[in-house]
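Residue strings, one per chain:
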Amino acid sequence: MITVIFTWALLPVCVSALAGLPAGGAKAITDYAGLVEHLRGAGFAPRFEEIVEQPFFSVKGKVLAIGDEHLQVFEYPTPEAASAEAARISPDGMTVGTTKVHWLGPPHFYRSGKLLVLYLGTDKGLRRALESALGLQFAGQ
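Residues numbered from 1 in each chain as written. Predicted model: local features only at pLDDT ≥ 70, side-chain atom pairs only at ≥ 80, totals over all residues. Heavy atoms only, no water.

Student: Outline helix H4 (residues 124-134), listing residues and values.
Tutor: All of the buried residues along H4 are Leu126, Ala129, Leu130, Ala133 and Leu134. Mapping the buried residues of H4 onto a view down its axis gives an arc of 105°, with all of them on the same face. Exposed residues pointing more than 90 degrees away from the buried face of H4 are listed as Lys124 and Arg128. The elements touched by buried residues of H4 are helix H2 (32-41), strand S2 (61-66), strand S3 (69-75), strand S6 (107-112) and strand S7 (115-120). Capping of H4 at its N-terminal end is provided by aspartate 123; its side-chain oxygen lies 3.1 Å from the backbone amide nitrogen of glycine 125. Positive backbone phi, at 95°, marks glycine 135, one or two positions downstream of H4. (Buried < 20%, exposed > 50% of the residue type's maximum accessible area, 1.4 Å probe, protein only. Helix = DSSP H or I, 4+ residues; strand = E, 2+ residues; numbered from the N terminus. Arc of directions from axis to C-beta. Contact = heavy atoms within 4.5 Å. Polar contact = N/O pair within 3.5 Å; in protein donor to acceptor, adjacent residues only side chain to side chain.)

Student: Describe the packing of aromatic side chains, and please don't skip the residues or the numbers.
Tutor: Following the criterion strictly, the structure yields 5 aromatic pairs and no others. Look at phenylalanine 57 and phenylalanine 74: their rings are 4.8 Å apart centre to centre, the planes differ by 65°, and that puts the pair in the edge-to-face class. Here the residue phenylalanine 57 occupies a position in the loop between strand S1 (47-52) and S2, and phenylalanine 74 occupies one in strand S3, the gap between them amounting to 17 residues. Classification of phenylalanine 74 as buried rests on a relative accessible area of 1%. With a centroid separation of 6.1 Å and 65° between ring planes, the pair formed by tryptophan 103 and phenylalanine 109 is classed as edge-to-face. Put simply, the rings of Phe56, Phe57, Phe74, Trp103, Phe109 and Phe138 touch in pairs and so form one group of aromatic residues. (Phe/Tyr/Trp six-rings, centres within 6.5 Å; stacked < 30°, edge-to-face > 60°.)

Student: Lay out the side chain of serine 90 in plain terms, naming residues and giving numbers.
Tutor: Counting through the fold element by element, serine 90 comes out in the loop between helix H3 (79-86) and strand S4 (95-96). Owing to a relative accessible area of 17%, serine 90 belongs among the buried residues under this scheme. A polar contact is formed between the side chain of serine 90 and the backbone nitrogen of methionine 94, at a distance of 3.3 Å. Filtering out sequence-adjacent residues up to four positions away, serine 90 remains in contact with Thr95 and Ala139.

Student: Account for the pairing of S6, with residues named and values stated.
Tutor: In terms of burial, S6 is largely enclosed, as 5 of its 6 residues are buried. Pairing geometry for S6 and S7, over 6 bridges, is antiparallel. In the strand pairing of S7, tyrosine 110 is matched with valine 117. What sits between the antiparallel neighbours S6 and S7 is a turn of 2 residues, in which glycine 113 has the positive phi angle 55°. As judged from the 2 bridges shared by S6 and strand S8 (residues 139-140), these two strands associate in the antiparallel manner. Paired with histidine 108 across the bridge in S8 is glycine 140. (Pairing = 2+ DSSP bridges.)

Student: Explain the sheet that holds S2 residue by residue, including any values.
Tutor: Read across the sheet, 6 strands follow the order S1-S2-S3-S7-S6-S8 without closing on themselves; strand pairing throughout is antiparallel. Every other strand in the sheet has two partners, leaving S1 and S8 as the edge strands with one partner each. Running at roughly 5° to S2, H2 makes contact with S1, S2, S3 and S7 of the sheet. (Axes fitted to C-alpha atoms, helices over the stretch in contact; angles between N-to-C directions.)

Encoded structure:
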């Protein structure tokens, strides 16, 4: 028998985290333009750098440079398409489908709406900004 105890004060935060939404009731960013706007509002200066193709993703991505850091932002036609692609990523972010990946830094994958975002790095401020926009990472280290 499993007993579940609810703490009502924490329930909205827990439900938001489980749903992949930002905690505290904030509205999740669901597209590229919204992510760029959110990052600017958080004090970052994101700039488009180039188009990126990952062999294991079905869409091309945009590389956003933020100082010395880089994000790969993949925008899918529908949230369902982004979700299906995200489901192929292992919990540690080191395998996508049948491809074992050797990243240049620790991977952090985020998904919200039509977006799948990959950040390879350790900048805690940038990670907090991504979490506030997209929710907790769903895969990575």
